[in-house]
Amino acid sequence: MSLCCSFSTAKSVSLFSKQPKISSHGFVKASSSSSSSADVPDFLSADWLESRRKKPFGPRLNFSAEEAVLHQLDALKYNDQPRQDYGIEVMYRFAGFDPFERSTYFGPFFDLGQFERFRRIFHHSGYRVLLGHKERKVLSSLFVKENRFKQRVWILGSRPNEEEVFEFTMVQRIGGSWDGYWLTESLLHDGDAFSGGLAY
């Protein structure tokens, strides 16, 4: 008899207590007081969706080749926002090289597996004109192949008499975890960016 009582008491308590709303797919529906109205799986925390929105910026499957170049240039223009060298971090995320092999991303073979080496090239060579640049103009764009795109861009830097031309080579990956994403194969300076040498 006491067993029956405990079940009925448990049921009555659960009927009156606030229970999370479950969607037909087994997801916990976000409450109306929450900033998000999307469904969040019940095995994830309530702030999961918000944390996904704060994910570091990088390649997206829905970016075209032109958009991928534009987003990288925007990141470099506002390089130190929201933190120092954030724009270079974005460039590193778009970089399509293998971090365990020497790369021709900047032209000559460099070991770019460590972010610090990648960052130094932007600060200590002809590439620094990209950081905080004032103006830019697309000179030419060309799909060399269906999954390979080149774009030449003129950049006016923030320092006096600082202007350079750069060539982006974007490659759309086929297969693997980056299937369909446009990644930067190389970012080449039109002149000799490393004429004075480079200690990277």
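Here, every reference points to the structure presented above.
All values reported here derive from a predicted model rather than from experimental measurement. Going along each chain's sequence as written, the residues are numbered from 1 onward. Local features in this predicted model are restricted to residues whose pLDDT is 70 or higher, and side-chain atom pairs enter the listing and the counts only when it is 80 or higher, whereas totals over whole chains, interfaces and linings include all residues. Excluding hydrogens and water, the side-chain figures rest on all heavy atoms present in the structure.

A. Region of interest: the pattern of salt bridges. Throughout this description, the term salt bridge denotes a Lys or Arg side-chain nitrogen within 4 Å of a carboxyl oxygen of Asp or Glu. For the coordinates displayed, the defined rule picks out 12 salt bridges. The residue Asp74 makes a salt bridge to Arg136 at a minimum N-O spacing of 2.4 Å. With Asp74 in helix 3 (residues 65–77) and Arg136 in strand 3 (residues 135–145), this pair connects stretches of sequence that are 62 residues apart. For Arg136, a relative accessible area of 26% gives the class partly exposed. Members of the salt-bridge network, linked through shared partners, are Asp85, Glu116, Arg119 and Arg120. Counting from the N terminus, the helices are the DSSP runs of H or I reaching at least four residues and the strands are the DSSP runs of E reaching at least two. Burial classes follow relative accessibility: with a 1.4 Å probe on protein chains only, a residue under 20% of its type's maximum area counts as buried, one over 50% as exposed, and anything between as partly exposed.

B. Representation of helix 3 within the structure. One less than the number of residues in a helix, times 1.5 Å, gives the span that helix is expected to have. Taking 1.5 Å of rise per residue, 13 residues should cover 18 Å, and helix 3 covers 19 Å from first to last C-alpha, within 8% of that figure. Check the buried side of helix 3 and you find it contacts helix 4 (86–94), helix 5 (115–123), strand 3, strand 4 (148–156), strand 5 (163–172) and strand 6 (182–189). Residues are treated as being in contact if the distance between any of their heavy atoms lies within 4.5 Å.

C. Highlighting the packing of aromatic side chains. Two aromatic rings, drawn from Phe, Tyr or Trp (for Trp, its six-membered ring), form a pair once their centres lie within 6.5 Å of each other, and the interplanar angle then sorts them: stacked below 30 degrees, edge-to-face above 60, tilted otherwise. Inspection of every chain in the model, using the stated rule, returns 18 aromatic pairs. Measuring from ring centre to ring centre gives 5.4 Å for Tyr127 and Phe166, while their planes differ by 40 degrees; the resulting arrangement is tilted. Taken together, the residues span a long stretch of sequence, with Tyr127 in the loop between helix 5 and strand 3 and Phe166 in strand 5 at a distance of 39 residues. Tyr127 sits in the buried class, given a relative accessible area of 0%. Look at Trp178 and Tyr181: their rings are 5.0 Å apart centre to centre, the planes differ by 80 degrees, and that puts the pair in the edge-to-face class. The exposure class of Tyr181 is buried, given its relative accessible area of 19%. Three or more aromatic residues joined by ring pairs form one cluster here, namely Tyr92, Phe97, Tyr105, Phe106, Phe115, Phe118, Phe122, Tyr127 and Phe166.

D. The arrangement of the environment of Phe143 in detail. Tracing the backbone through its elements, the reader meets Phe143 in strand 3. Sequence separation between Phe143 and Val171 is 28 residues; the distance between their C-alpha atoms is 10.0 Å.

E. Representation of the sheet that holds strand 3 in the model. DSSP bridges decide pairing: two strands pair if at least two such bridges lie between them. What the four strands build is an open sheet, ordered 3-4-5-6; its pairing is antiparallel. Two strands bound the open sheet, and with one partner strand each, they are strand 3 and strand 6. Mean inter-strand twist for the sheet, computed between neighbouring axes without regard to direction, equals 20 degrees. Sheet analysis places strand 5 next to strand 6, joined by seven bridges and oriented antiparallel. Bridge assignment links Val171 to a residue of strand 6, and that residue is Leu183. Here an angle of 0 to 180 degrees is reported between the N-to-C directions of two axes, which are lines fitted to C-alpha atoms, with helices fitted over the stretch in contact.

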